[in-house]
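An overview of the molecular structure
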Amino acid sequence: FHRGYYIRARAVDHCVQDFPLKTQSHPRTQIVSLGAGFDSLYFRLKDIGLLHHTVIYEVDFPNVACQKAALIKRMKELSALVGDTEWEGLGVIAFSGEDYKLLGVDLSELSELERALEEAGLDNEIPTLFMAEVVLTYMENSRSDALIQWAAEHFSQACFLLYEQMHPEDPFGRVMQQHFSQLNSALNSLAQYPDCEAQQRRFFEKGWTECSVVDMNDFFTCCTPEVEQRRVQALEPFDEYEEWHLKCSHYFVLTASKGMEPSWTPLLSSMTVPPHDSPVRISGSITAAVCATRSEISGLRRYGHRSVLIKPNVILTTGGFGEEDGHHCRMRNFHVLIKHAGYWKAGYVKKENPHKRWDERLYHTVSCLSNSLALVVGGRTSPSSAGLGMLWLKFPETSNASEPDDITVELLPFYANTMFWFCDISNSNFSFHLSFSIGKKYLFLYGGRSAIEPVLGDWYFLHAQELSCTVIPVEGPVPESRHSHSACSWKGGVLIAGGLGAAEQPLGSIFFLRELEHGFQWQTVETHPPLIPRYSHTAHVHDGKLLLVGGVWFHSSSVPGVTVIDLITGLCLDYTINVEHLKWPLMLHNHSSVFLPNEKELLLIGGGGNCFSFGTHLNPEPVSLSLSNILASH
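Reading guide: rules and limits
- Residues numbered from 1 in each chain as written.
- Predicted model: local features only at pLDDT ≥ 70, side-chain atom pairs only at ≥ 80, totals over all residues.
- Heavy atoms only, no water.
- UniProt positions renumbered as here; feature names shortened; annotations may be inferred.
- Axes fitted to C-alpha atoms, helices over the stretch in contact; angles between N-to-C directions.
- Helix = DSSP H or I, 4+ residues; strand = E, 2+ residues; numbered from the N terminus.
- Parallel < 35°, antiparallel > 145°, perpendicular 65-115°, else oblique.
- Contact = heavy atoms within 4.5 Å.
- Nonpolar A, V, L, I, M, F, W, Y, C, P; charged D, E, K, R; others polar.
- Left-handed = near helix turned anticlockwise from the far one by under 90°.
- Core = buried A, V, L, I, M, F, W, Y, C linked by side-chain atoms within 4.5 Å.
- Buried < 20%, exposed > 50% of the residue type's maximum accessible area, 1.4 Å probe, protein only.
- Domains from an automatic or database assignment.
- Phe/Tyr/Trp six-rings, centres within 6.5 Å; stacked < 30°, edge-to-face > 60°.
- Lys NZ or Arg CZ within 6 Å of the ring centre and 35° of its normal.
- Pairing = 2+ DSSP bridges.
- Polar contact = N/O pair within 3.5 Å; in protein donor to acceptor, adjacent residues only side chain to side chain.
- Salt bridge = Lys/Arg side-chain N within 4 Å of Asp/Glu carboxyl O.

If you check an unreviewed UniProt entry, the protein appears there as tRNA wybutosine-synthesizing protein 4 from Charadrius vociferus. Under Pathway (unreviewed entry), UniProt gives the following word-for-word description of the protein: "tRNA modification; wybutosine-tRNA(Phe) biosynthesis."

Structure (structure tokens):
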């Protein structure tokens, strides 16, 4: 919430403050705030001395304008900034000062708006900035289009600033649309103008000669100075990166101008790095289907959890945040999916020692070391409470379970000095090991973050039996520090893909920790086309193919589906997920996935999270993806 509203205010202030600075040579300028509400823009600009030759006109519904006028009149600090005023209180002009005019008029009635502005003294021959901050989208498109065109046609030197939502049809966008529909405030512009390109065409067609538009991820990355980025990132404990980046990918800021010399381009002129513009090449689609389950428990509606195949057709899910017993909470119970007679059955897992504390952790890892033992590493309960250490999970060795009640788990403490968080332990279906001539087996831990360090770049070899750290020589180019990446075993080594780097930017690199005779070597895996940077995905290796599932990237025109990378040739192909058979949005971040090699099937469990101020969405049921066709075609 804090970051989401910060970036909105930052973008608007960035563009608005640029206008009086770029028009200083003009004796008079004016700003028209459409649907201003209770915005304090005038008072902020006045306070910092940017209104020496600028008059601000604010427009909103009459009742809103009257309330705001009364509020200003009551507060001495605000009245003092406005100076000598004439408080109308009646009619269109609710408040009139030397450089501040507050008008009560319906924006959708263009003739009334034009008449009110003219009555208040608006001059169509001097530089004028129109701004609409999440306003026009609530109007009928024909009326908002008419307003945009009127501003271009009737003002010889005009600028326009627009901040609104976009991308209505992806999972986050569907949750966003549903929220506003429930408020009886439908976002009317989204169907006709769903993305940045459509909005840019809109302004060109309505008479504007210059137009720039970026989403808020690009604005924060490209238009916000690095020192300011670091200041914001350090303000409070934070790890809701997926929600933050998804919110930013669904809002844009647009600036347009005509007749301005020089052109008014506050977005382009402030870009320190170019925006993300690499196209996503789609090679096909994979149809998603709800898993046939014989259970109605809600325990698999969660995120930040881990799922692991502990036996053939038996999947254990631990931790995370989700829905349990009708409440949203950190998950206390373990859950299991068992496939029997063609159906998946879901249920709670019996704890042999329920008095043992699970810590209700999120973002941990679970690795099976044998057919009866798994190791839990790291995790957190809050962004400032990380490093929960290690824990053993012990379960029966028999593999003939057909009911969830057949599975029991015993929690056993593990005492270690080294704590990990957001780390990814590379594992295969049952155990991950790196084989050496001396016959020892190891777990490899890499990356993550802690309550102190935003990203970690170190690694550990843990002896699988003694669980002690072992120093093994590693050579080659060291990968960039990261968290929320993926790790898979392959050919006695480890594949690290994607993740979020120190600057909170998704990474597109893939590294292979290759086994040597007396140690290991980091090698870069080159792909063509280059892998689109992403994080919060899951990964699996099958028959020389690296499968990356879901995640978050900055290409807001689409969401990540399944990426298949041929580890021999480097060919990298992206596939979308066809969700037409699902009745709900499928959010593939903070999810877990299990690959069933015999069936060539991916099982997606949980996922989702907080959708800014629009509510929380958790994928309600496990989803199956059949990969037979795409794996056969490679």
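From this point, the narrative continues.
Before going further, it helps to spend a moment on the packing of helix α9 (residues 216–223) against helix α11 (residues 241–249). At their nearest, the axes of α9 and α11 sit 6 Å apart, and the two run at 105° to each other. Judged on the interaxial angle alone, α11 and α9 are roughly perpendicular. Residues Met216, Asn217 and Phe220 of α9 form the contact with α11, whose participating residues are Trp244, His245, Cys248 and Ser249. Here the residues of the contact of α9 with α11 are counted per class, giving 4 nonpolar, 3 polar and no charged.

At a minimum axis distance of 11 Å, the contact between helix α1 (residues 2–22) and α9 shows a crossing angle of 65°. As α1 runs across α9, the sense of the crossing is left-handed. Counting all contacts with α1, which are made through Tyr6, Ile7, Arg10, Ala11 and His14, the residues of α9 involved are Met216, Phe219, Phe220 and Cys223. Each residue belonging to the contact of α1 with α9 can be placed in one class, and the counts come to 7 nonpolar, 1 polar and 1 charged.

Attention shifts here to the nonpolar core. Residues Val16, Met216, Phe219, Val253 and Phe614 are the most contacted members of the largest nonpolar core, which totals 60 residues. Ranked by residue count, the leading element in this core is α1, at 7 residues. Mapped onto the domain boundaries, this core takes at least three residues apiece from domain 1 (1–26 + 127–258) and domain 2 (282–626). The contact partners of Phe219, leaving out residues within four places of it in the chain, are Ile7, Arg10, Ala11, His14, Val214, Thr224, Val253 and Leu267. Of all hydrophobic cores here, the second largest spans 36 residues; its members include Leu113, Val135, Cys211 and Phe252.

Okay, the environment of Thr616 next. With respect to the helices and strands, Thr616 occurs in strand β41 (residues 616–618). For the pair Thr616 and His328, spaced 288 residues apart in sequence, the C-alpha separation works out to 9.8 Å. Sequence-distant contacts of Thr616, that is, excluding residues within four places in its chain, are made with Gly609, Asn610 and Cys611.

Considering all chains together, one arrives at 29 aromatic pairs under this definition. An angle of 55° between the planes, with centres 5.0 Å apart, marks the rings of Phe444 and Phe461 as tilted. Placement of the pair is Phe444 in strand β26 (residues 442–448) and Phe461 in strand β27 (residues 456–463), with a sequence separation of 17 residues. An angle of 25° between the planes, with centres 5.3 Å apart, marks the rings of Phe461 and Phe520 as stacked. Separated by 59 residues along the polypeptide, Phe461 in strand β27 and Phe520 in strand β33 (residues 519–524) bring together distant segments of the chain. Across this residue pair, the class does not change: Phe461 and Phe520 are buried. By the ring-pair criterion, three or more aromatic residues cluster together here, those being Phe1, Tyr5, Tyr138, Phe172, Phe180, Phe612 and Phe614. Between the NZ or CZ atom of Arg3 and the centre of the ring of Trp244, over which it lies, the distance is 5.5 Å. Its end group placed over the ring of Phe612, Lys247 keeps NZ or CZ at 5.0 Å from the ring centre.

Attention now moves to the side chain of Thr29. Along the chain, Thr29 falls in strand β1 (residues 29–34). With a relative accessible area of 1%, Thr29 lands in the buried category.

One open sheet holds the 5 strands; their spatial order is β18-β24-β23-β20-β19, and the pairing between them is mixed. Each edge of the sheet is formed by a strand with only one pairing partner; in this case those strands are β18 (350–351) and β19 (365–368). Here strand β23 (residues 390–394) runs beside strand β24 (residues 408–413); their pairing, made up of 4 bridges, is antiparallel. Pairing of Lys394 across the sheet is with Glu410, part of β24.

Among the 8 residues in α9, 8 count as buried, and that is most of the element. Of the positions making up α9, those classed as buried are Met216, Asn217, Asp218, Phe219, Phe220, Thr221, Cys222 and Cys223. If you follow the buried residues of α9, they end up packed against α1, β7 (158–165), β8 (210–215), α10 (226–233), α11 and β9 (251–258). Of the residues flanking the start of α9, the one acting as N-cap is Asp215, its side-chain oxygen 3.1 Å from the backbone nitrogen of Asn217.

Tallied over the full model, the rule gives 20 salt bridges. The salt bridge involving Arg44 is made with Asp39; its shortest N-O contact spans 3.2 Å. Overall, Asp39 belongs to the buried group, its relative accessible area being 19%. Here Glu226 and Arg230 are joined by a salt bridge, their closest N and O atoms 3.6 Å apart. One end of the pair is Glu226 and the other is Arg230, both in helix α10 and 4 residues apart, which spans about a single turn. Glu226 sits in the exposed class, given a relative accessible area of 57%. Overlapping salt bridges, with partners in common, bring together Arg10, Glu228 and Arg231 in one network.

Counted residue by residue, strand β37 (residues 572–578) has 5 buried out of 7 residues, so it is predominantly covered. Of the pairings in the sheet, the one linking strand β10 (residues 282–290) to β37 comprises 5 bridges and is parallel in character. From the neighbouring strand, Ile286 faces β37, where its bridge partner is Ile577. In terms of strand pairing, strand β36 (residues 562–566) meets β37 through 4 bridges, oriented antiparallel. Paired with Ile565 across the strands is Cys572, a residue of β37. Once β36 ends, the chain turns through 5 residues before running back antiparallel as β37, passing Gly570 with a positive phi of about 85°.

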